[in-house]
Amino acid sequence: EELIKLIEKAVFTVDEWRRQKLIFSENDVSVLHRGFAFFYLNRTNRSGIIHKAGLIGGLKQDGNYKMDCRFNKDSLIKKIRLISKYRHKIQLYNLDALAFMSEIEKRDYDVFVYADPPYYNKGASLYTSFYNHDDHASVAEKLKSLTKPWMLTYDNTPEINSLYQDCRQVYFNLNYSLQTKRKGQEVLVMCDALRAPESVLRSNISLVA
């Protein structure tokens, strides 16, 4: 409820954005206010990237989209309350991906794994923690050894296609509409244990991100 109160009072100015960046960079603030600063930056920065992305709409706020375009207060508060309602069913592990997959492989109940690794291309420019080729290859090897059903999405690159060449791959055409309009493509990879609709396996799917 304290987080929700901060969301309700949120204002959207460049000065406030800079203030929240400063709060997030400090270690002596409360968990609540540092958490809200992260939340604020996630919703107002391009692509939700905290450290290496600029403000949606730019510092002059003269872009096609303004800084609050991804900050629908009512919708976000509804999602937060829903997460709170089911918080007893949510567990956070903060483990390395390989260690986490080894952990869930031991579970004797049904598990479905959805993996969302860092992008192969531009990972270093998007994330604080990113993978090199050997990291991506290790994840691929581990996923393909799992007895639990799994799927993942990646940016579509020849390297990823090769790492998962023995798996089913479906390509998604994405239209990135924030700031500059551009097209990109991602790949959905599925293990053999999953049954996907034939319509998905036969054709590409266009999405807007």
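Before any of the text, the structure's been laid out above.
Note on numbering: residues in each chain are counted from 1, in written sequence order. For this predicted model, a pLDDT threshold of at least 70 governs which residues receive local features, and a threshold of 80 or more governs which side-chain atom pairs are given and counted, while totals over whole chains, interfaces and linings are taken from all residues. Side-chain metrics in this entry use all non-hydrogen atoms of the structure; hydrogen atoms and water are not considered.

Draft legend 1. Representation of helix 4 (residues 73-85) in the model. Numbering of helices and strands runs from the N terminus; a helix is a DSSP stretch of H or I covering at least four residues, while a strand is a stretch of E covering at least two. Helices are assigned an expected span. That span is 1.5 Å times one less than the residue count. For helix 4, with 13 residues, the first-to-last C-alpha span of 18 Å sits near the 18 Å given by 1.5 Å per residue. The set of residues buried in helix 4 consists of Leu76, Ile77 and Ile80. Seen end-on, helix 4 carries its buried residues on one side only, within an arc spanning 100°. Of the residues in helix 4, the exposed ones pointing more than 90 degrees away from the buried face are Asp74, Lys78, Lys79 and Lys85. Of the surrounding elements, those touching the buried residues of helix 4 are helix 1 (2-8) and helix 3 (31-44). Burial classification: accessible surface area is computed with a 1.4 Å probe over protein chains only, and a residue below 20% of its type maximum counts as buried, one above 50% as exposed, and the rest as partly exposed. Arc definition: it is the arc formed by the directions from the helix axis to the C-beta atoms. Any two residues whose heavy atoms approach within 4.5 Å at even a single point are treated as in contact.

Draft legend 2. Local environment of the pattern of salt bridges. Any Lys or Arg side-chain nitrogen found within 4 Å of a carboxyl oxygen on Asp or Glu counts as a salt bridge. Within the structure shown, the criterion is met by 4 salt bridges. Between Glu16 and Arg19 there is a salt bridge, and its shortest N-O distance comes to 3.0 Å. With a gap of 3 residues between them, Glu16 and Arg19 both fall in helix 2 (residues 14-25), about one helical turn apart. Of the charged contacts, one joins Arg107 and Glu103 as a salt bridge, the two residues approaching to 3.3 Å between their closest N and O atoms. In this structure Arg107 comes out as buried when scored by relative accessible area, which is 18%. The class for Glu103 is partly exposed, based on a relative accessible area of 27%.

Draft legend 3. Here's a closer look at the side chain of Glu16. By relative accessible area, which is 13% here, Glu16 ends up buried. Polar contacts involving the side chain of Glu16 include one to the side chain of Arg19, which spans 3.0 Å. Once residues lying within four places of it in the same chain are set aside, the contact partners of Glu16 are Val11 and Tyr40. Two N or O atoms count as a polar contact when they lie within 3.5 Å, although within protein this holds only if one can serve as hydrogen donor and the other as acceptor, and sequence-adjacent residues are included solely when both atoms are side-chain atoms.

Draft legend 4. Structural detail: the packing of helix 5 (residues 97-105) against helix 7 (residues 133-145). Between N-to-C directions, angles cover 0 to 180 degrees, with each direction set by a line fitted to C-alpha atoms, over the stretch in contact for helices. Put simply, helix 5 and helix 7 touch, their axes get as near as 10 Å, and they point 5° apart. The pairing of helix 5 with helix 7 is recorded here as roughly parallel in orientation. Side by side, helix 5 and helix 7 meet where Leu98, Met101, Ser102 and Glu105 of the first sit next to Ser138, Val139, Lys142, Leu143 and Ser145 of the second. Charged residues are taken to be Asp, Glu, Lys and Arg, nonpolar residues to be Ala, Val, Leu, Ile, Met, Phe, Trp, Tyr, Cys and Pro, and polar residues to be all remaining types, Gly included. Counted by class, the contact of helix 5 with helix 7 contains 4 nonpolar, 3 polar and 2 charged residues. For classification purposes, angles smaller than 35 degrees are called roughly parallel, those larger than 145 roughly antiparallel, those between 65 and 115 roughly perpendicular, and all remaining angles oblique.

Draft legend 5. Seen up close, the packing of aromatic side chains. Note on aromatic contacts: the rings of Phe and Tyr and the six-membered ring of Trp form a pair at centre separations within 6.5 Å, being stacked when their planes are under 30 degrees apart, edge-to-face when over 60 apart, and tilted otherwise. Counted by the stated rule, this structure contains 9 aromatic pairs. Plain terms: the ring middles of Phe24 and Phe38 are 5.8 Å apart, the flat faces sit at 45° to each other, and that makes the pair tilted. In this pair, Phe24 is assigned in helix 2 and Phe38 in helix 3, connecting sequence segments 14 residues apart. Taking the centre distance of 6.0 Å and the plane angle of 55° together, the rings of Phe36 and Tyr40 count as tilted. Taken as a pair, Phe36 and Tyr40 lie in helix 3 at a separation of 4 residues, close to a single helical turn.

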